Amino acid sequence: MKETAWKSPSNIALIKYWGKYDVQIPANPSVSFTLSSSATSTRLKYRTGKGAVKVFLNGEETPAFIPKIQLFLERTRALFPFSQQMDFEVHTSNSFPHSSGIASSASGMSALALCMMSVKKELGLNIEDFFQEASNAARLGSGSGSRSVYGPLAAWGKHAEIEGSHDEFAVPFADVADIFKTFQDTILLIDKGEKTVSSSLGHGLMNNHPYASSRFAQAHENQSRLLTAMLDADLESFGEIVESEALTLHGMMMTSMPYFILMKPNTLEVIQRIWSFREATNHPVYFTLDAGANVHVLYPESHKEVIMRFIDTELRTFCKDSSYLCDQVGLGPTPLF
Ligand code: PMV
């Protein structure tokens, strides 16, 4: 078999994508920090065949992942028409523990999309923009995965102030003050269990959501405000918008029908303590949440020592097994071949 391999990072949204229509078209634009350490490495082996798929996670055959990969191959058929005449082996591993509650779909789907692009290139097929097509393909596997293809930030979904922004692929975004290009993200692992409600189910509940249209309009506005704040290195406004986006995301979950809550008591404990610490010390430390209980603690690199001391003395005790992951803004995927 021939093979190709990519390592692709996870990302954390600052403006949240929550709600979609058609096949993975976002209901509102989003923008994210690309992460550095949290990543998926995927080796794709391929040969002429009939579309058979095998998946290996950490070296162990894992048939449970096959339907996801097959759906990805079906949805990306226009981009990768050769996939039906090939057999594939997907060998994948994550830098973060499987049980950490960190979603691997963005890093996993973007790594796979990049591998498929490398196969396409190897076959000599026409490629206009390698990473744009990879982002488009990743989107079809995992919406947020479209943003993992670029660093230090990426924007996905049409937005009036981001030139070239598009609903079908993310665009790289670096029009921010330098302080944001090395921002730290310490991920507090509050709950390592499987999510009780998947994000695809959650997205679906935005379809008949009573606040959907105002939420989608708000995301556009928040994105405009965030872009200005990041360009001006206005940390206070950055924090205000990012925290509001996180709580709005969870607010949408709580006001869906059926309603659900993914935060845990310790999520709220940690948020309160970040607020108290900020109030008392004026250090620029903020939080965001993804679709789960874990808390992403965001702060500039220049404050790393003091914030890490705060995390170790005050926040760590609220983490499952006292565990957290140290990450920071990264530059995007790397080929492994
Ligand atoms: O890409 P999905 O379908 O797993 O959805 C991701 C949704 C959030 O993580 C909550 C927000 C985002 O923009 O990443």
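J.: Would you mind going over the overall build of the protein with me for this structure?
T.: Along the backbone of the protein there are eight helices and 14 strands. Taking 337 residues into account, the globule formula puts the C-alpha radius of gyration at 20 Å, and the protein, at 19 Å, falls close to it. Projecting the C-alpha coordinates of the protein onto the three principal axes gives extents of approximately 65 × 40 × 40 Å. Here the protein holds 337 residues, and the buried ones make up 54% of them. For the protein, the proportion of contacts with a sequence separation of at least 24, taken over those separated by at least 6, is 74%. Of the accessible surface of the protein, which amounts to about 14700 Å², a share of 51% is contributed by carbon and sulfur atoms. Side chains of the protein give 29 positive and 36 negative charges; the mean places of these two sets differ by 7 Å.

J.: What's the story with unusual backbone geometry in this structure? I'm lost.
T.: Residues other than glycine predominantly adopt negative phi, and peptide bonds predominantly adopt the trans conformation. Cis geometry is adopted by the peptide bond preceding Pro152, which originates at Gly151 and carries an omega value of 0°. Mapped onto the fold, Pro152 is located in the loop between helix H3 (130–141) and strand S8 (153–156). Of note, the bond from Met257 into Pro258 is cis; its omega dihedral lies within 30 degrees of zero at 0°. Along the chain, Pro258 falls in the loop between helix H6 (235–254) and helix H7 (265–281). If you check the backbone angles, Gln24 has positive phi at about 60° while not being a glycine. Among the structural elements, Gln24 can be located in the loop between strand S2 (20–21) and strand S3 (25–26). Residue classification places Gln24 among the buried residues on the basis of a relative accessible area of 5%. Of note in the backbone geometry, Asp321 takes a positive phi value of approximately 55° without being a glycine. Relative to the elements of secondary structure, Asp321 occurs in the loop between helix H8 (304–315) and strand S13 (324–328).

Thresholds, definitions, all that
- Residues numbered from 1 in each chain as written.
- Predicted model: local features only at pLDDT ≥ 70, side-chain atom pairs only at ≥ 80, totals over all residues.
- Heavy atoms only, no water.
- Helix = DSSP H or I, 4+ residues; strand = E, 2+ residues; numbered from the N terminus.
- Rg over C-alpha atoms; globule rule 2.2 N^0.38 Å.
- Buried < 20%, exposed > 50% of the residue type's maximum accessible area, 1.4 Å probe, protein only.
- Contact = heavy atoms within 4.5 Å.
- Areas by Shrake-Rupley, 256 points an atom, 1.4 Å probe, with all protein chains shown as cover.
- Lys, Arg positive; Asp, Glu negative; His and termini not counted.
- Charge placed at Lys NZ, Arg CZ, Asp CG, Glu CD.

It is worth stressing that arrangement in space is one thing and function is another; only the former is reported here.
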